[in-house]
Structure formats: structure tokens, C-alpha cells
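Secondary and tertiary structure notes
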Amino acid sequence: MAGEGRIDQREVLDIAMDAGEILLENGAEISRVEETIDRICRHFGVQSKNAFVLSNGIFLTAGSEAEKRFARVKQIPMHGAQLHRVAAVNQLSREIEEGRYEPSEIKERLAGIRNQPGMPKRTRILMSGVGCGCFCLMFGGSLPDCLATFCIGILLYCYLLAVEGHFSKIVENIGGGMVITLLGLIFVNMPFGMDMSHMISGAIMSLVPGVAFTNGIRDIADGDYISGTVRMIDAILVFLSIAAGVGFVISAYRQLTGGAVL
């Protein structure tokens, strides 16, 4: 059974660090990362570990008179949430506590989780359109508004895939807000009686960082004020960037045409 016999402390701590890294970079809250690291270390008998987790880094130390000294610091850039990987690591940590795996097997499982493919691009593009259309309906949009927002959501996600990794998050979201508004202006000038505000409200939901914002609130509620504040600031910057992109296009349109949009 895993956990029995002599287990190398450094190997266990490396495994715990890798598990925490996968969780943190894929959108898990701080308390979940710390709990997973603690579960793995405790199961293999490493009692002297100390983990300090921030929103973009993990500091892990261990060592006592009976154990070797260990220290590792890893910077983890913020990425988009991949909750299927978070769920997989959570399940793995529970199976580790049940004694199902040796350390070498855990490494293989973590590598498999890290390399899990996300949804195909076509599926993500389609779901972006469906999500935007449904939000438009929820916000009170008519059927033509929802159909237009569906199209905007699809084109918006194509834009996001095209610029991914080429610009900063702020620039990408300003551009996203501009794309939504430009497409909305095209549709609102068609003879179908569409409402600009409903289309914009529905379409921007593809850009809103709901997971990051929610996790920021949860981290603050759990007492992780630094990480929670960083995540909240990151989410607020995204909100402001989207608003800047939308506002710029609307202002430019009003200046050019002299007419109201909304």
C-alpha cells in the first residue's frame, strides 16, 4: 500500500508542489491549494511542511531534526480557469489519502492531468455564442437580439483565439469590448429592431472573469487577504478594460454621426 515503507521526503514535497501548481494555475482558490498540499504531505508522513500560497506563487518549506531540509519557491502566472483539471487533482488527492498510489504513480497521474486537453476550439467558439445569446435572453433581449448576440459571441471568441498570447490581458479585453460594440452597431443598424444594450450586456459575459472574481471574494472570506485582493484587482482591471473598449467605440460613433446609440 502507498505510504508504507521508506518514502523520500523530497519526492513527496515535489509531488505536493506540482499538485498545488496545477490547482493554482487553473483557477483553484488558495484554501484548496493549501489543503491539497497538506493532504499529500500528511499521508506520506511529512509533518514539518509549511506552505505559503499566493495568487501567483507557492512557497514550500520543510525540515526538522528528524527530516532533511527542503525549500522550494515557484512563480505561477495567472491563466484562465480549467476546472476539469482542478476536479481531477482534487479526486487524486482523495485517492492518495486512501493509499492507492505510490509516489511514482502519482507523478504519472499529475503529468496526465497537466496535459489533459481542453475543449476543442470549435466547441468553445460555439459555446461562447450560445452563452452570450442565453445571457442576452436573461437580460430581457428579444429573439432577434439573442440571435445577433449569438453571432457576436462566436466572432468575439474567434478574435480572442486570434490574439491569445500576443497582447496583455488589458489590451485583449479593450479590444474585445471594441469588437462587441462594433458588431453591435452593425446589427442595430439593420431593419430588425434590435436593442444595442441587450446585445452588449449579453456579449460581454464571455469576457467577464467570473471565476477569478468569485475566488477573490472566497480568499478574502477565508482570511487570505493578499491573494484575494490581487485577484479582485485583476478582475476589476478586466471589467474596466471591457468598459473602456465599449465606451471608446460608442463615443467615437456619437462623434462621427451625432446620434445616440443606446
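Shown above is the structure to which this text applies.
Read on for an overview of the structure. These numbers come from a predicted model, not from an experiment.

**Description of the sheet that holds strand 3 (residues 70–75)**
Reading across the sheet, the 3 strands line up as 1-2-3 and stay open at both edges, with antiparallel pairing between neighbours. Among the strands making up the open sheet, the edge pair consists of strand 1 (50–54) and strand 3. Adjacent strand axes in the sheet meet at a mean angle of 5°, parallel and antiparallel pairs treated alike. Relative to strand 2 (residues 57–62), strand 1 is paired through 5 bridges, and the arrangement is antiparallel. What sits directly across from L54, in strand 2, is G57. The strands touched by helix 1 (residues 9–25) within the sheet are strand 1, strand 2 and strand 3, with strand 3 carrying the most contacts at an inclination of about 20°.

**Quick word on the side chain of N90**
Mapped onto the fold, N90 is located in helix 3 (residues 83–97). In contact with N90, other than residues within four places in its own chain, are L23, R32, T36 and R39.

**Section: the environment of N50**
Position of N50 relative to the elements: it lies in strand 1. On a C-alpha basis, the gap between N50 and N26 in space is 22 Å, while along the polypeptide they are 24 residues apart. Every residue in contact with N50, bar those within four places of it in the chain, is listed here: F59, L60 and T61.

**As for helix 7 (residues 169–188)**
Compared with an ideal rise of 1.5 Å per residue, which puts 20 residues at 28 Å, helix 7 spans 28 Å between its outermost C-alpha atoms and is within 8% of the ideal. Where the residues of helix 7 are buried, they touch helix 6 (143–163), helix 8 (196–203) and helix 10 (225–257).

**What about the environment of L240?**
Position of L240 relative to the elements: it lies in helix 10. Overall, L240 belongs to the exposed group, its relative accessible area being 54%. Between the alpha carbons of L240 and F213 there is a distance of 13 Å; along the sequence they are 27 residues apart.

**Quick look at the packing of helix 3 against helix 4 (residues 103–114)**
In the contact formed by helix 3 and helix 4, the axes pass within 10 Å of each other and the chain directions differ by 170°. Our classification of the angle between helix 3 and helix 4 gives roughly antiparallel. Here the hand of the crossing between helix 3 and helix 4 comes out right-handed. Contacts between helix 3 and helix 4 pair R85, A88, V89, L92, E95 and I96 from the former with I106, R109, L110, I113 and R114 from the latter. A breakdown of the residues in the contact of helix 3 with helix 4 according to their chemical character gives 7 nonpolar, no polar and 4 charged.

**Quick look at the packing of helix 1 against helix 3**
Contact geometry of helix 1 with helix 3 gives a least axis separation of 8 Å together with a crossing angle of 150°. Judged on the interaxial angle alone, helix 3 and helix 1 are roughly antiparallel. Between helix 1 and helix 3 lies a crossing of left-handed hand. Contacts between helix 1 and helix 3 pair A19, I22 and L23 from the former with R85, V86, V89 and N90 from the latter. Of the residues belonging to the contact of helix 1 with helix 3, the class tally is 5 nonpolar, 1 polar and 1 charged.

**Remarks on the pairing of strand 2**
Following strand 1, the chain reverses through 2 residues before pairing antiparallel with strand 2. For strand 2 and strand 3, the ladder comprises 6 bridges, and the chain directions are antiparallel. Note that in strand 3 the partner of G57 across the bridge is Q75.

**Re the nonpolar core**
Grouped together as the largest cluster of nonpolar side chains are 32 residues, with contacts concentrated most on V33, I40, I58 and I106. Of all elements in the fold, only helix 1, helix 2 (30–43), strand 2, helix 3 and helix 4 reach the threshold of two or more residues within this core. The dominant element in this core, judged by the number of residues it contributes, is helix 1, at 9 residues. Sequence-distant contacts of I40, that is, excluding residues within four places in its chain, are made with V12, I15, A16, A19 and I96. If you look at the next biggest cluster of nonpolar residues, it comprises 24 residues, including V163, I180, L183 and M199.

What counts and what doesn't
Residues numbered from 1 in each chain as written. Predicted model: local features only at pLDDT ≥ 70, side-chain atom pairs only at ≥ 80, totals over all residues. Heavy atoms only, no water. Pairing = 2+ DSSP bridges. Helix = DSSP H or I, 4+ residues; strand = E, 2+ residues; numbered from the N terminus. Axes fitted to C-alpha atoms, helices over the stretch in contact; angles between N-to-C directions. Contact = heavy atoms within 4.5 Å. Expected span 1.5 Å × (residues − 1). Buried < 20%, exposed > 50% of the residue type's maximum accessible area, 1.4 Å probe, protein only. Parallel < 35°, antiparallel > 145°, perpendicular 65-115°, else oblique. Left-handed = near helix turned anticlockwise from the far one by under 90°. Nonpolar A, V, L, I, M, F, W, Y, C, P; charged D, E, K, R; others polar. Core = buried A, V, L, I, M, F, W, Y, C linked by side-chain atoms within 4.5 Å.

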